[in-house]
Amino acid sequence: MDRRLLAIYLNDHLAGSTAGVELARRARGNNRGTPYHDPLQQTATEIAEDRAALLDVMRRLGVGRDPVKEWAGWLAEKGGRLKRNGRLTGYSPLSRVVELEVLALGVEGKRSLWRALQRSVGGDPLLDGVDLEELLRRADRQRRRLEQLRVSAADEAFGGPA
């Protein structure tokens, strides 16, 4: 195994998880008082926990953090706020759809991360106590939850089934 490539890969996912935590928190805040808030609260909490699990894996494997990549992930999420949403200012139904789709894409990437780690370093004694299978199952649950929310948001935004 090439530890250098693994370090790059893990830091790329750390950057993505940094953006994901920020986006999940923003989506939760933008949906206070709506049926989307509680599931987004759960999702935001879990994404933050998953980021902590990734940091734990990196620490156990002796992989240092790349602050430039982390900063880039944070900045990318902030830049995503500039996307046009059909309103001059403020949150729109399109904003919700896009946030949910981006979160779902991030969770899909995280599922791939946990799967890749299972195959490549899952048996490494340094990872004893890290339940990659449970992290994968949680990502599957997050993906299903986000898909339900995304479909509802798209229906509301674009006039789909009631």
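None of the values given here were measured: they were computed from a predicted structure. The residue numbers shown here count from 1 along each chain, following its written sequence. The predicted origin of the model limits local features to residues at a pLDDT of at least 70 and limits the giving and counting of side-chain atom pairs to 80 or more, whereas totals for whole chains, interfaces and linings rest on all residues. Only heavy atoms go into the side-chain values, all of them from the structure, while hydrogens and water stay out.

*Asks:* Describe the packing of helix α4 (residues 93-121) against helix α5 (residues 132-158), with residues and values.
*Replies:* Helix-helix packing is characterised by the crossing angle of the two axes and by the distance between the axes. Closest axis-to-axis distance for the α4/α5 pair is 8 Å, and the angle between their directions is 160°. The orientation of α4 with respect to α5, classified from their angle, is roughly antiparallel. As for how α4 packs across α5, the hand of that crossing is left-handed. Throughout, the ten residues Ala, Val, Leu, Ile, Met, Phe, Trp, Tyr, Cys and Pro are labelled nonpolar, Asp, Glu, Lys and Arg are labelled charged, and all others, Gly among them, are labelled polar. Its residues placed into classes, the contact of α4 with α5 shows 19 nonpolar, two polar and eleven charged. Only C-alpha atoms enter the line fits that serve as axes; for helices the fit covers just the stretch in contact. Angles between N-to-C directions range over 0 to 180 degrees. A run of H or I in DSSP counts as a helix once it spans at least four residues, and a run of E counts as a strand once it spans at least two, with each numbered from the N terminus. Our angle categories are set so that under 35 degrees counts as roughly parallel, over 145 as roughly antiparallel, 65 to 115 as roughly perpendicular, and the remainder as oblique. Helix crossings fall into two classes, left-handed where the near helix is turned counterclockwise from the far one by less than a right angle and right-handed where it is turned clockwise.

*Asks:* Tell me what's going on with the confidence of the model for the chain, and back it up with residues and numbers.
*Replies:* Every residue is assigned a pLDDT by the predictor, reflecting its confidence on a scale from 0 to 100. Overall, the predicted model of the chain reaches an average pLDDT of 89, with 86% of residues at or above 70. Ranking the elements of the chain by mean pLDDT puts helix α3 (residues 67-80) last, at 66, and helix α2 (residues 37-60) first, at 98.

*Asks:* Tell me what's going on with the side chain of T43, and back it up with residues and numbers.
*Replies:* Structurally, T43 is set in helix α2. A relative accessible area of 0% means that T43 is categorised as buried. Note on exposure labels: buried denotes an accessible area under 20% of the residue type's maximum, exposed denotes more than 50%, and partly exposed covers the range between, all computed with a 1.4 Å probe on protein chains only.

*Asks:* Can you break down the packing of α2 against α4 residue by residue, with the values?
*Replies:* Close contact between α2 and α4 brings their axes to 12 Å; oriented N to C, the two are set at 35°. Handedness of the crossing formed by α2 with α4: left-handed. Touching L40, I47, D50, A53, L54 and V57 of α2 are L100, L103, K110, L113, W114 and L117, all from α4. For the contact of α2 with α4, a count of residues per class yields ten nonpolar, no polar and two charged. By definition, residues are in contact when any of their heavy atoms lie within 4.5 Å.

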